Amino acid sequence: MATTDRQATTLALAHALSAAERGLAVIPLSRTKLPALRSPHHDDPGPRPCHGECGRLGHGVYDASTDPARIRELFAAAPRATGYGIACGLPPHHLIGVDLDTKTGTDSSAALRELALRHLFTIPDTVVVITPSGGRHLWLSGPPDVVVPNSAGRLAPGIDIRGAGGYLVGPGSRTEHGVYVAAPGTAHLAPAACPPALLRLLLPPPRTPRPAHAAVGDHGQGLVQFVLAAHEGQRNTRLFWAACRAYEDGIGPALLDPLVEAALNAGLTEREARATIASAARMTGHRP
């Protein structure tokens, strides 16, 4: 490995340890912004939703830790890591990331200001991280009893949300496009509380109870929550696994709409979601 890569890894580890001192759980990232450790289940046949129960490293955001010894272990196993990710939704901050993108051709900052005016909230002073493309990540703190799902463009075009099961690229991380840096005057701040009006916009709309869904029970709701917690790179796999379990347990038809809604909130399109569920139905010997 080149000296510059070793230096980048050493610097990333230092930044990650510093973030952990602030109560932020971290994982090593590669230059592509993806988790730097390959999944130990990469070659396993079929979806295997292991969150680290197997005891091995390589479970993405589920490896995230604030323990310095654990973090050093993670980086030692990922010698090509050049950055670190900060897990969202975990205590003590229950971090929510508002990703204002610049690559969509839309003015996401203006869209957020318009939402703030329309719904009567103000973005408080908080940590702001500037991305290599000129976008911004706003760090907000959520309530401990609320699960904010990941979403892409649901709030407004160009605004992505990183919630439970997601992560943010930490400041100081080096990627193939450049370095993430804290905006001047914000690095010392703690994540500010998410305004209640904005928090309401980030949560999935309450579903109207449907008698046909009453039979799905806690197991069905658990499958829906499993899909809601998916982050980019996991969404199709999680949806496929959940749909397979639903059809195998005889609740596939009743859980179809809730699974589609969960997949939409996780960032998939309706077409992608329905195609994945149809594949699961065929795989388990059922008609889609």
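Structure report, in brief. (Residues numbered from 1 in each chain as written. Predicted model: local features only at pLDDT ≥ 70, side-chain atom pairs only at ≥ 80, totals over all residues. Heavy atoms only, no water.)

1. A word on the sheet that holds strand 1 (residues 26-29)
Put simply, the rule is: Strands are treated as partners if at least two bridges between them are detected by DSSP. For the purposes of this entry, the term helix denotes a DSSP run of H or I that reaches at least four residues, the term strand denotes a run of E that reaches at least two, and both are numbered from the N terminus. Fitted lines through C-alpha atoms serve as axes, helices being fitted only where they are in contact, and the angles separating the N-to-C directions of these axes extend from 0 to 180 degrees. In this description, contact between two residues means that some pair of their heavy atoms is separated by no more than 4.5 Å.
The 3 strands are arranged 1-2-8 in an open sheet whose pairing can be described as antiparallel. The open sheet terminates on both sides in strands that have one partner only, identified here as strand 1 and strand 8 (167-169). Averaged over all neighbouring strand pairs, the angle between strand axes comes to 35 degrees, with direction disregarded. Pairing of strand 1 with strand 2 (residues 83-87), which is carried by 4 bridges, proceeds in the antiparallel orientation. What sits directly across from I27, in strand 2, is G85. Across the sheet, helix 2 (residues 68-76) touches strand 1 and strand 2, and the angle it forms with strand 1 is around 15 degrees.

2. Some words on the environment of G158
Just so we agree on the cut-off: Exposure classes here rest on a 1.4 Å probe applied to the protein chains alone. A residue is buried below 20% of its type maximum, exposed above 50%, and partly exposed in between.
Among the secondary structure elements, G158 is positioned in the loop between strand 6 (151-156) and strand 7 (159-162). Looking at G158, the relative accessible area reads 8%, which means it is buried. As for G158 and L264, which are separated by 106 residues in sequence, their C-alpha atoms are 16 Å apart.

3. Quick word on the pattern of salt bridges
Selection criterion: In what follows, salt bridge is the name for a side-chain nitrogen of Lys or Arg lying within 4 Å of a carboxyl oxygen of Asp or Glu.
Counted by the stated rule, this structure contains 6 salt bridges. In this structure, the salt-bridge partner of E73 is R70, at a minimum N-O distance of 3.5 Å. Of this pair, E73 and R70 both sit in helix 2, 3 residues apart, which is roughly one turn of the helix. Given a relative accessible area of 40%, E73 falls into the partly exposed group. Here R118 makes a salt bridge to E114, at a shortest N to O gap of 2.8 Å. Placement of the pair is R118 and E114 together in helix 3 (residues 108-119), with a separation of 4 residues, close to one helical turn.

4. Focus: unusual backbone geometry
The step from P91 to P92 runs through a cis peptide bond, and the omega angle for that step is 5 degrees. As for its position among the elements, P92 is in the loop between strand 2 and strand 3 (95-100). For L120, which is not glycine, the phi torsion reads 60 degrees and is therefore positive. Residue position: L120 is located in the loop between helix 3 and strand 4 (128-130).

5. Brief notes about the packing of helix 6 (residues 235-248) against helix 7 (residues 252-266)
Which entries qualify depends on this criterion: An angle below 35 degrees is treated as roughly parallel, one above 145 as roughly antiparallel, one from 65 to 115 as roughly perpendicular, and anything else as oblique. Less than a right angle of anticlockwise turn of the near helix away from the far helix marks a crossing as left-handed, whereas a clockwise turn marks it as right-handed. Each residue gets one label: Ala, Val, Leu, Ile, Met, Phe, Trp, Tyr, Cys and Pro are nonpolar, Asp, Glu, Lys and Arg are charged, and the others, such as Gly, are polar.
At a minimum axis separation of 10 Å, helix 6 and helix 7 run at an interaxial angle of 170 degrees. Our classification of the angle between helix 6 and helix 7 gives roughly antiparallel. When you trace helix 6 past helix 7, the crossing you get is right-handed. Here R235, L239, A242, A243, A246 and Y247 of helix 6 come into contact with helix 7, specifically with G252, P253, L255, L259, A263 and A266. Residues belonging to the contact of helix 6 with helix 7 are distributed by class as follows: 10 nonpolar, 1 polar and 1 charged.

6. Points about the packing of aromatic side chains
Worth spelling out the cut-off: Planes of paired rings set the category: under 30 degrees apart is stacked, over 60 is edge-to-face and the rest tilted, where pairs are Phe, Tyr or Trp rings (Trp by its six-membered ring) whose centres lie within 6.5 Å. Here, a charge over a ring is recorded when the distance from Lys NZ or Arg CZ to the ring centre is within 6 Å and its angle to the ring normal is within 35 degrees.
Applying the stated rule across the entire model yields 1 aromatic pair. Summarising the aromatic geometry, the rings of F226 and W241 are spaced 5.1 Å apart at their centres and angled 55 degrees between planes, so their arrangement reads as tilted. Within this pair, whereas F226 is found in helix 5 (residues 217-228), its partner W241 is found in helix 6, the two being separated by 15 residues in sequence. A relative accessible area of 13% places F226 in the buried class. One residue, R238, lies across the ring of F226, its end atom 4.2 Å from the ring centre.

As far as function goes, none of this settles anything; it's purely spatial.
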